[in-house]
Amino acid sequence: MSVLSGKKVLLGITAGIAAYKTASLVRLFIKLGADVKVIMTPASKDFITPLTLSTLSKNPVHSTFYEKEVENELWNNHVDLGLWADYFLIAPATANTLSKMSNGTCNNLLLATYLSAKCPVYFAPAMDLDMYIHPSTKESLQKLQSFGNILIPAASGELASGLVGEGRMAEPEDIVSFIENDVLSKLPLRGKKVLITAGPTYEAIDPVRFIGNHSSGKMGFAIAKAAANLGAEVILISGPSHQQIKHSFVKRIDVVSANDMYNAAHTYFKDVDIAILSAAVADYKPKNIANQKIKKKDSTLAMELTPTKDILASLGLIKKHQFLVGFALETNNEIENAKSKITRKNLDVIVLNSLQDKGAGFATNTNKITIIDKDFNEKPFKLKSKVEVAKDIINEIILKIKK
Ligand code: CTP
């Protein structure tokens, strides 16, 4: 999955011949799952039609502050457009527009939107070679970069003038890869490996029966996605769960029993930076697993149980650089029990769920947590969807590992 999937990309087109390539650009962004809106300078419409871009982007294309042809003269709010975007790309960016951007000139919708935008702004210059190396263009490029805008350098090749040299707009595929790589490199968990356990474990009684629990795995899978979306390489060790995850940064390892999960966690733990153990691991397993299906009898049946290995505690014992996060599901004396787990299992942070809270726990789509760190600072959160809770957990971890 691309880092641009689900992101809002605003494409600003100015009047250069390379504008004809923006149709491909829009298609590439859409293919990656981005939501695309296009704004054009009035003169750029001579090079490519708004209808083409509107059809490809599935959104209206704007080029003026108000649409005269629309009844009541619809106002195009440049502030809204600027705030809507996660990323703003100006491609092709002509010498004229670059100069205006660097000076704060604001005589069209694209420039006003640029001045209002709070998101990262990328610009891909396109012009003839002499224009590209002219000192005034160089000054504009430098000034724009000093403002924090990101230059996608022009490529060398044959230019519309017939001359050969630097000034061609980077190819649409290269522009998209440039932005993807740039976004990736700035993600807060880029370069970090995260191990996550999720779901229940099943402890076999006989070939057809097991001891399990109602954990769905939703919380752990949401955490895995949240971490991967922020650039982490995730190893997700899951007990039996119907949850699905599709993310190129997530490696899923399916296990069944607590012992399988223990072995998988220990295989990967030494190489990870962060371990988040959200699985609802069975605390006990049958001491002996029957080889044959146990037959029904009239008398009562007693089964001897033996404790499973505590994965979290075992990782707490061997941890070195790893940031270790445990979960606690409590029904009473919640804070005290959670704090005692931090100490007993040598954790950096514990995520507490209280079953006293409505909407928290296993089978729901929501959760209500309190995050407690090893200094016993408590941070309660509101009832939220598990997707939002997962983001809160990952954001808290990022804050703590940065300290
Ligand atoms: N855990 C684990 N391995 C186990 C049992 C639990 O890794 N065999 C982890 C869970 O994934 C969770 C944390 O330990 O992160 C809390 O588990 P819990 O069962 O609530 O804690 P216990 O130490 O077993 O304490 P108690 O049963 O008294 O609540």
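Let me begin by describing the structure that accompanies this report. Keep in mind that this is a model prediction, so the values were computed, not measured.

What follows deals with the packing of aromatic side chains. Tallied over the entire structure, the rule returns 3 aromatic pairs. Consider the rings of Y122 and F178, whose centres lie 6.5 Å apart with planes at 85°: the pair is edge-to-face. Residue Y122 is found in strand β7 (residues 121-125), and its partner F178 is found in helix α8 (residues 172-185); the two are separated by 56 residues along the sequence. Here Y122 falls in the buried class, since its relative accessible area comes to 1%. Seen in terms of ring centroids, Y202 and F210 are 3.7 Å apart; in terms of plane orientation they differ by 10°. Their pairing is stacked. Judged by its relative accessible area of 26%, Y202 falls in the partly exposed class. Taken together, the aromatic side chains of Y87, Y122 and F178 make up a single cluster linked through ring pairs. It is K37 that lies over the ring of W84; its NZ or CZ is 4.6 Å from the centre. When the ring centre of Y262 is taken as reference, the NZ or CZ atom of K309 above it lies at 4.2 Å.

The subject of this paragraph is the site of the ligand. The environment of the ligand is formed by 15 residues, the closest being L277, A279, L312, F327 and K345. F327 is positioned with one of its backbone polar atoms (N or O) 2.8 Å from an oxygen atom of the ligand. Here an oxygen atom of the ligand and a side-chain polar atom of K341 are 2.9 Å apart. When grouped by side-chain class, the residues that make up the shell around the ligand number 7 nonpolar, 2 polar and 6 charged.

Right, let's get into the nonpolar core. A general tendency of soluble globular proteins is for nonpolar side chains to be buried together. Counting 34 residues, the largest nonpolar core has F29, V38, L89, I175 and I179 as its most contacted members. Of all the secondary-structure elements, those providing two or more residues to this core are β1 (8-13), α1 (22-31), β2 (35-40), β6 (87-93), β7 and α8. Tallying contributions element by element places α8 first for this core, with 5 residues. Other than its neighbours up to four places away in sequence, V38 contacts L11, I13, V26, L53, S57, P60, V61 and H62. Ranked by size, the runner-up nonpolar core spans 33 residues in total, among them L189, I274, F323 and V389.

What follows deals with the packing of α1 against α8. Two quantities define a packed helix pair, namely the angle between the axes and the distance from one axis to the other. Two numbers describe how α1 lies on α8: the axes approach to 9 Å, and their chain directions differ by 40°. Comparing their axes, α8 and α1 come out oblique. Taken as a pair, α1 and α8 cross one another with a handedness that is right-handed. Facing S24, L25, L28 and F29 of α1, the residues of α8 in contact are P172, E173, I175, V176 and I179.

The 6 strands lie next to each other as β3-β2-β1-β6-β7-β8, forming an open sheet whose pairing is parallel. Each end of this open sheet is capped by a strand with a single partner; those strands are β3 (61-62) and β8 (150-151). Sheet topology note: the β1/β2 ladder contains 6 bridges and is parallel. When the sheet's bridge partners are listed, L11 is paired in β2 with V38. Strands β1, β2 and β3 of the sheet are contacted by helix α2 (residues 50-57), whose axis makes an angle of about 165° with β2. Sitting on the sheet, helix α5 (residues 109-116) is in contact with β1, β2, β3, β6 and β7, with an inclination near 140° to β6.

Take the packing of helix α9 (residues 218-229) against helix α13 (residues 386-402) next. It is at 8 Å that the axes of α9 and α13 come closest, and there the two elements cross at 55°. Regarding the angle of α9 to α13, the classification is oblique. The handedness of the crossing between α9 and α13 comes out as right-handed. Counting all contacts with α9, which are made through K218, M219, A222, I223, A226 and A227, the residues of α13 involved are K386, V387, V389, A390, K391, I393 and I394. The class makeup of the residues in the contact of α9 with α13 is 10 nonpolar, no polar and 3 charged.

Those residues of α1 that fall on the buried side of the exposure criterion are T22, A23, L25, V26 and F29. For α1, the angular spread of the buried residues around the axis is 160°, confining them to a single face. Looking at the buried residues of α1, the elements they touch are β1, β2, α2, β6 and α8. One or two residues past the end of α1 sits G33, with phi positive at roughly 95°.

Here we come to the pairing of strand β22 (residues 369-373). For β22, a buried count of 5 out of 5 residues is recorded, marking the element as mostly surrounded by other parts of the structure. Both faces of β22 are covered, namely the face carrying I369, I371 and D373 and the face carrying T370 and I372. Here 5 bridges tie strand β20 (residues 349-354) to β22, and the two strands are oriented antiparallel to one another. If you follow V349 over to β22, its bridge partner there is D373. Relative to strand β23 (residues 378-380), β22 runs antiparallel, the two sharing 3 bridges.

Each value, and the rule that gives it
- Residues numbered from 1 in each chain as written.
- Predicted model: local features only at pLDDT ≥ 70, side-chain atom pairs only at ≥ 80, totals over all residues.
- Heavy atoms only, no water.
- Phe/Tyr/Trp six-rings, centres within 6.5 Å; stacked < 30°, edge-to-face > 60°.
- Helix = DSSP H or I, 4+ residues; strand = E, 2+ residues; numbered from the N terminus.
- Buried < 20%, exposed > 50% of the residue type's maximum accessible area, 1.4 Å probe, protein only.
- Lys NZ or Arg CZ within 6 Å of the ring centre and 35° of its normal.
- Near = heavy atom within 4 Å.
- Polar contact = N/O pair within 3.5 Å; in protein donor to acceptor, adjacent residues only side chain to side chain.
- Nonpolar A, V, L, I, M, F, W, Y, C, P; charged D, E, K, R; others polar.
- Core = buried A, V, L, I, M, F, W, Y, C linked by side-chain atoms within 4.5 Å.
- Contact = heavy atoms within 4.5 Å.
- Axes fitted to C-alpha atoms, helices over the stretch in contact; angles between N-to-C directions.
- Parallel < 35°, antiparallel > 145°, perpendicular 65-115°, else oblique.
- Left-handed = near helix turned anticlockwise from the far one by under 90°.
- Pairing = 2+ DSSP bridges.
- Arc of directions from axis to C-beta.

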